[in-house]
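Examining the three-dimensional arrangement
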Amino acid sequence: MTTVVRSIADLRATLDAARRDGRAIGFVPTMGYLHDGHRSLLRAAAAANDTTVVSIFVNPLQFAPTEDLDRYPRDLAGDVQMATDEGVRYVFAPLQSEMYPERMMTTVNVAGVSEPLEGMSRPSHFAGVATVVTKLFSIVGPSRVYFGEKDFQQLAVIRRMVLDLSLPIEVVACPTIREPDGLAMSSRNVNLTPEARKAAPVLLRALHAGRDAIAQGERDAALVRRAMRNVIEEEPLVDLDYAEVVDASTFVIPSPLEGTLRLLIAARLPGARLIDNLGADVP
Ligand code: AMP
């Protein structure tokens, strides 16, 4: 049985009781409009914990005024159905007034990994994410939390925050789930125009071109970027924001390229801005 909880006090009281009984709590924070990518996180959490909680909250703090907060898709009934199907015990779906009854005066800022790439394109985004995630961790008190590699830089920001603040939480990373044509699943995909949806798999093709270049011995980041950009330029509908290769843990660009790398890409398409990423190792 899945229960929808709207209030912070109710969720705390319920989960306090579960903790007293020695139950491990698995937590999956989301913005809802759940798809099979989210489903894989719910499934992993339900398999490894006694009690699983998913939060559905479109967090205004992580959207800039020009971004798509108003157009972000929502479907609470569908989300509750998926939670039920996956054995999730609680859906925490607070109203904005419950999470932010007053203007927030406290911000959690993670320096370093949050600064390049998404941090450059969306300057207050990761502070908004880190702040709401800290608040959600405080409300839920999870033993384990589940994040997707789809948002690879976000995962790095959360890992760093948990480390720096000594939060007693295990962060579990889950692989990116894709559509059959390679497009990474995202709640935002529904906002793409039909033409943009057809063009969107070019992001993964570009990432593969970058990875292939590294596999063939390329050690110059600029030339790996070029290889990715060349593929994106074949699709006139796709407006590249960045295509980069970085060290997967520090987000610094190694010169020459070495170690465990991550290729990351972001682009604007008609209807939505998309991000994707892929691992690449230099043996
Ligand atoms: P969101 O609702 O987009 O904020 O995402 C909530 C969580 O689901 C984040 O940890 C995401 O990284 C993860 N997620 C979103 N899309 C995917 C996907 N295609 N595959 C795996 N995880 C995903």
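On a predicted model such as this, the values are computed, not experimentally measured, just so you know.

1. So, the site of the ligand
Residues in close proximity to the ligand total 17 residues, the closest being Met31, Gly148, Asp151, Ile177 and Met185. In the environment of the ligand, a nitrogen atom lies 2.9 Å from a nitrogen or oxygen atom belonging to the backbone of Ile177. Ranked by residue count, the leading element in the shell around the ligand is helix 2 (residues 36–48), at 3 residues. Each residue belonging to the shell around the ligand can be placed in one class, and the counts come to 8 nonpolar, 7 polar and 2 charged.

2. Details of the pattern of salt bridges
What the rule picks out here adds up to 17 salt bridges. Of the charged contacts in the structure, one is a salt bridge between Arg225 and Glu244, with a shortest N-O distance of 3.0 Å. You can see Arg225 sitting in helix 10 (residues 221–232) and its partner Glu244 sitting in strand 7 (residues 239–247), a full 19 residues away along the chain. Looking at Arg225, the relative accessible area reads 21%, which means it is partly exposed. Classification of Glu244 as buried rests on a relative accessible area of 12%. Among the charged side chains, a network of salt bridges with common partners joins Glu118, Asp239, Asp241, Arg268 and Arg273.

3. A few points about the sheet that holds strand 9 (residues 272–282)
Judged by pairing direction, the sheet is antiparallel, and its 3 strands sit side by side in the order 7-8-9 without closing on themselves. The open sheet terminates on both sides in strands that have one partner only, identified here as strand 7 and strand 9. If you compare each strand with its neighbour and ignore which way they point, the axes differ by 15° on average. For strand 7 and strand 8 (residues 259–269), the ladder comprises 8 bridges, and the chain directions are antiparallel.

4. Side note on the packing of aromatic side chains
Summed over all chains, the structure comprises 5 aromatic pairs. Taken together, the ring pairs connect Phe27, Phe137 and Phe147 into an aromatic cluster.

5. So, the sheet that holds strand 5 (residues 144–148)
Across the sheet, which stays open at both edges, the 6 strands sit in the order 1-4-3-2-5-6 with parallel pairing between neighbours. Across the chains shown, the open sheet's two edge strands, defined by having one partner strand only, are strand 1 (3–5) and strand 6 (170–174). Averaged over neighbouring strand pairs, the angle between their axes works out to 25° when direction is ignored. Alignment of strand 1 against strand 4 (residues 90–92), held across 3 bridges, turns out to be parallel. Bridge pairing in strand 4 links Val5 to Phe92. Contacting strand 2 (25–30), strand 3 (51–56), strand 4 and strand 5, helix 6 (residues 125–140) runs over the sheet at an angle of about 150° to strand 2.

6. Structural notes on empty space enclosed by the protein
Counted by the stated rule, this structure contains 1 cavity of 30 Å³ or more. Reported here for the largest cavity is a volume of approximately 50 Å³. Taken together, Lys150, Gly182, Leu183, Ala184, Ser186, Asn189, Ala200, Leu203, Leu204, Leu274, Ile275 and Asp276 make up the full set of residues lining the largest cavity. The set of elements that each furnish at least two residues to the lining of the largest cavity consists of helix 9 (202–215) and strand 9. Looking at the lining of the largest cavity, the element that brings in the most residues is strand 9, giving 3 residues.

7. Topic: helix 9
Along its 14 residues, helix 9 runs 20 Å from first to last C-alpha, staying within 8% of the 20 Å computed at 1.5 Å per residue. All of the buried residues along helix 9 are Val202, Leu203, Leu204, Ala206, Leu207, Gly210, Ala213 and Ile214. One or two steps after helix 9, the chain reaches Gly217, where phi turns positive at roughly 110°.

8. Side note on the nonpolar core
One broad rule of soluble globular proteins: the nonpolar side chains tend to lie buried together. Counting residues in each nonpolar core, the largest one holds 43 residues, and the members touching the most others are Phe92, Met99 and Phe137. If you list the elements that add at least two residues to this core, you get helix 1 (8–20), strand 2, strand 4, helix 6, strand 5, helix 7 (152–164), strand 7 and strand 8. It is helix 6 that contributes the most residues to this core, 9 residues altogether. Formed by 31 residues, the second largest nonpolar core is a distinct cluster that contains Ala206, Val238, Ala243 and Leu257.

Conventions and cut-offs
- Numbering of residues begins from 1 in every chain and follows the order in which that chain's sequence is written.
- Totals for whole chains, interfaces and linings use every residue, but because this is a predicted model, local features are given only for residues with pLDDT of at least 70 and side-chain atom pairs only at 80 or more, for both listing and counting.
- Water and hydrogen atoms were dropped before computing side-chain values, which therefore reflect all heavy atoms in the structure.
- In these notes, residues near a molecule or strand are those with any non-hydrogen atom within 4 Å of it.
- Counting of polar contacts relies on pairs of N or O atoms within 3.5 Å, with two restrictions inside protein: one atom must be capable of donating a hydrogen and the other of accepting it, and residues adjacent in sequence are counted only when both atoms are side-chain atoms.
- Where helices and strands are cited, they refer to DSSP runs of H or I of at least four residues and of E of at least two residues respectively, numbered from the N terminus.
- The classification used treats Ala, Val, Leu, Ile, Met, Phe, Trp, Tyr, Cys and Pro as nonpolar, Asp, Glu, Lys and Arg as charged, and all other residues, Gly among them, as polar.
- A pair is scored as a salt bridge if a Lys or Arg side-chain nitrogen falls within 4 Å of a carboxyl oxygen belonging to Asp or Glu.
- Throughout, exposure labels follow a simple rule: accessible area from a 1.4 Å probe, protein chains only, divided by the maximum for the residue type, with under 20% read as buried, over 50% as exposed, and the rest as partly exposed.
- Following DSSP output, two strands are said to pair if at least two bridges run between them.
- The axes used here are C-alpha line fits, helices contributing only the stretch in contact, and every angle between their N-to-C directions lies in the interval 0 to 180 degrees.
- Stacked, edge-to-face and tilted labels apply to pairs of Phe, Tyr and Trp rings (six-membered ring for Trp) whose centres lie within 6.5 Å, assigned for plane angles under 30 degrees, over 60, and everything in between, in that order.
- Two residues form a contact once any of their heavy atoms are found within 4.5 Å.
- We place a 1 Å grid over just the protein atoms. Points where a 1.4 Å probe fits but has no way out form a cavity, open points with protein on both sides within 12 Å along at least 5 of 7 lines form a pocket, and any residue with an atom within 4 Å of a point lines it.
- Grid points are joined across faces, edges and corners, and a volume is the space filled by probe spheres set on the points.
- Expected span of a helix, by definition, is 1.5 Å for each gap between consecutive residues, and there is one gap fewer than residues.
- As used here, the term nonpolar core means buried Ala, Val, Leu, Ile, Met, Phe, Trp, Tyr and Cys residues forming a set that is joined through side-chain atoms within 4.5 Å.

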